[in-house]
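So you can see what is in the structure, the chains are spelled out below.
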Amino acid sequence: MKQYQQIFQNAVDALHEEKRYRVFADLQRQVGKFPKAIYRDGSDDREITIWCSNDYLGMGQHPDVIATMQKVAGSMGAGAGGTRNISGTNHPLVELEHELADLHAKEAALVFTSGFVSNEAGISTIARLLPDCLILSDALNHASMIEGVRRSGAQKQIFRHNDLAHLEELLAAADIDRAKLIVFESVYSMDGDIAPIEAIADLADKYNAMTYIDEVHAVGMYGERGAGICEREGLMGRIDVIEGTLAKAYGTLGGYITGSSALIDAVRSYAPNFIFTTALPPAIAAAATTSIRHLKKSGVERAAQQNQAATAKRVLAAAGLPVMPSDTHIVPVMVGDPVLCKAASDHLMKKHGIYIQPINYPTVPRGTERLRITPTPFHDDALIEHLSAALVETWKELGLPFEHGQDEEEDAVKPELFPAAGG
Ligand SMILES: *Cc1c(COP(=O)(O)O)cnc(C)c1O
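Residues numbered from 1 in each chain as written. Predicted model: local features only at pLDDT ≥ 70, side-chain atom pairs only at ≥ 80, totals over all residues. Heavy atoms only, no water.

(A) Quick look at the site of the ligand. Around the ligand, a shell composed of 14 residues is seen, among which G115, D214, H217, T245 and K248 lie nearest. Taking D214, its side chain carries an N or O atom lying 2.7 Å from a nitrogen atom of the ligand. One of the side-chain nitrogen or oxygen atoms of K248 is found 2.9 Å away from an oxygen atom of the ligand. In terms of residue count, the dominant contributor to the shell around the ligand is helix α5 (residues 115-129) (3 residues). Of the residues assigned to the shell around the ligand, the class counts are 3 nonpolar, 8 polar and 3 charged. (Near = heavy atom within 4 Å. Polar contact = N/O pair within 3.5 Å; in protein donor to acceptor, adjacent residues only side chain to side chain. Helix = DSSP H or I, 4+ residues; strand = E, 2+ residues; numbered from the N terminus. Nonpolar A, V, L, I, M, F, W, Y, C, P; charged D, E, K, R; others polar.)

(B) Examining a nonpolar patch on the surface more closely. A surface patch of nonpolar side chains, amounting to about 360 Å² of accessible area, comprises Y4, I7 and F8. By the secondary structure assignment, I7 is in helix α1 (residues 2-17). Here I7 falls in the exposed class, since its relative accessible area comes to 54%. (Patch = residues over 30% accessible without salt bridge, like charges linked within 9 Å, V, L, I, M, F, W, Y side chains within 5 Å. Areas by Shrake-Rupley, 256 points an atom, 1.4 Å probe, with all protein chains shown as cover. Salt bridge = Lys/Arg side-chain N within 4 Å of Asp/Glu carboxyl O. Buried < 20%, exposed > 50% of the residue type's maximum accessible area, 1.4 Å probe, protein only.)

(C) Main features of helix α15 (residues 381-398). Look at α15: 26 Å from first C-alpha to last across 18 residues, which is about the 26 Å you get at 1.5 Å a residue. Just beyond α15, the residue with positive phi is G399, at close to 65°. (Expected span 1.5 Å × (residues − 1).)

(D) Broad picture of the sheet that holds strand β11 (residues 331-334). Across the sheet, which stays open at both edges, the 3 strands sit in the order β11-β14-β13 with antiparallel pairing between neighbours. Both outer strands of the open sheet, β11 and β13 (358-359), are each paired with one neighbouring strand and no more. Pairing geometry for β13 and strand β14 (residues 370-373), over 2 bridges, is antiparallel. For I359, the partnering residue across the bridge sits in β14 and is R370. The strands touched by helix α14 (residues 338-352) are β13 and β14; relative to β14, the strand with the most contacts, the crossing angle is about 45°. (Pairing = 2+ DSSP bridges. Contact = heavy atoms within 4.5 Å. Axes fitted to C-alpha atoms, helices over the stretch in contact; angles between N-to-C directions.)

(E) The arrangement of the environment of S345 in detail. You can see S345 is positioned in helix α14. By relative accessible area, S345 is classed as buried at 6%. Taking the C-alpha atoms as reference points, S345 and A266, 79 residues apart in sequence, are found 45 Å from one another. If we skip the residues at most four places from it in the chain, S345 touches I354, I356, Q357, P358 and L371.

(F) Focus on the pairing of strand β10 (residues 255-259). Counting buried positions along β10 yields 5 of 5 residues, so the element is predominantly enclosed. Neither face of β10 is exposed, since G255, I257 and G259 on one face and Y256 and T258 on the opposite face are all buried. For strand β4 (residues 108-112) and β10, the ladder comprises 5 bridges, and the chain directions are antiparallel. What sits directly across from A108, in β10, is G259. Two strands pair when backbone bridges link them, and strand β9 (residues 241-245) and β10 are joined in this way by 4 bridges, in the antiparallel orientation.

(G) How the structure looks around the sheet that holds strand β2 (residues 36-40). The 4 strands are arranged β1-β2-β3-β12 in an open sheet whose pairing can be described as mixed. Either end of the sheet is taken by a strand with one partner, and the two such strands are β1 (27-29) and β12 (354-355). Both β1 and β2 contribute to a ladder of 3 bridges, which runs antiparallel. From the neighbouring strand, Q28 faces β2, where its bridge partner is I38.

(H) View of the nonpolar core. One finds L96, L100, I182, F184 and I197 to be the most contacted residues of the largest nonpolar core, which totals 55 residues. Residue assignment for this core shows that the elements contributing at least two residues are α4 (91-103), β4, α7 (164-173), β7 (180-185), α8 (197-206), α9 (229-232) and α12 (282-297). Here the element with the most residues in this core is α12; it accounts for 6 residues. Not counting residues within four places of it along the chain, the set of residues in contact with I182 comprises L136, F159, L167, L171, I200, A204, A209, M210, T211 and Y212. If you look at the next biggest cluster of nonpolar residues, it comprises 33 residues, including Y39, A319, L387 and W395. (Core = buried A, V, L, I, M, F, W, Y, C linked by side-chain atoms within 4.5 Å.)

(I) Structural detail: the packing of aromatic side chains. Inspection of every chain in the model, using the stated rule, returns 2 aromatic pairs. Each ring, one from F34 and one from F378, has its centre 6.1 Å from the other, and the planes form 70°; the classification is edge-to-face. Separated by 344 residues along the polypeptide, F34 in the loop between β1 and β2 and F378 in the loop between β14 and α15 bring together distant segments of the chain. Considering the side-chain rings of F112 and F274, the 5.7 Å spacing of their centres and the 75° angle between planes classify their relative orientation as edge-to-face. Placement of F112 in strand β4 and of F274 in helix α11 (residues 272-275) is noted, with a sequence separation of 162 residues between them. Both residues of the pair, F112 and F274, belong to the buried class. (Phe/Tyr/Trp six-rings, centres within 6.5 Å; stacked < 30°, edge-to-face > 60°.)

Here it is as structure tokens:
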């Protein structure tokens, strides 16, 4: 029927009208060359530099991780062969769950096919099992957490982002004996800020609430063994459920929750989005374990990432670019308009061979559209210098405002690059 197609076309047209229709770059990553990749835009394929990857530490191309994946695929096959419920669990997945429980110092872990599914299944199942549960959810929580809250059917209250006073007000208003679940993230990935985890744990104790934290943008990257911000701050024991992904800093695929044996066993037994879907293939599980084990012992990648992120922030800010304040490895540069944000991204790719995906609504609130830059250990100082010059040229070309009125003194935009590098 013709009108069916029209409905889909209208939905897409509406996005075009709002200037938030998304185009995905057609890329081919090359082992050993990250962050360089081949960009295929139909006619001319060319090498570009990726500045927005969530393969934060380049573990997706780590030789040990690749070797494990190849070896296990060769010996155990390509697929998992079914749901764990019907077909049992591949042994590498058992090992992975032990590794994750150990990483976060919890009794048990449960692996899902993605971080998205782990939040959706984890939050919804926990909140559904708690009688008359009240969920307190940070206003900037990720879409996967919002989906989990929704699916639980539980009452929810949203507290203003990282606002302890507001959270306490909501907790205090609820019956002390009522089940409560506070859901929040450690590192918020669009602003790069960090939650006041200890203070939230204190409030949870005071008001008899459970805590669920998403450490997706922190696992592998913070803490002595890469377990995240809770590890860095000595707080792993204060949070009931720690959730993470294997797809970002660990460079593979999958998501997980860790917690008490009873809680993990209950989610394993009751979550349909765990029970009725095929498990991760053994090769991916084994590769993830290799990546986790490597980052438990090696701090080199973490240190280099922090170093390059700090350098990028310093160099871009010195060039007068509107770098948003960030406590982490994430470097957001504000544009504040969806059309200009997309135009800046297109211009960077076309003229400079730099790929930075524009971040528009609904990923961030309208009016805060931005370029989100994620330096890795493989973005060396020369690449940062190139990025800075390209951004400055783009800002001028599009008439975007510089910080501190530096746009008015064109010649003044000559930042001293890497002031710390020589000293
Ligand atoms: C990416 C992301 C997820 C989902 O993880 P995947 O493994 O990519 O599905 C969950 N939470 C946050 C905050 C994320 O940014």
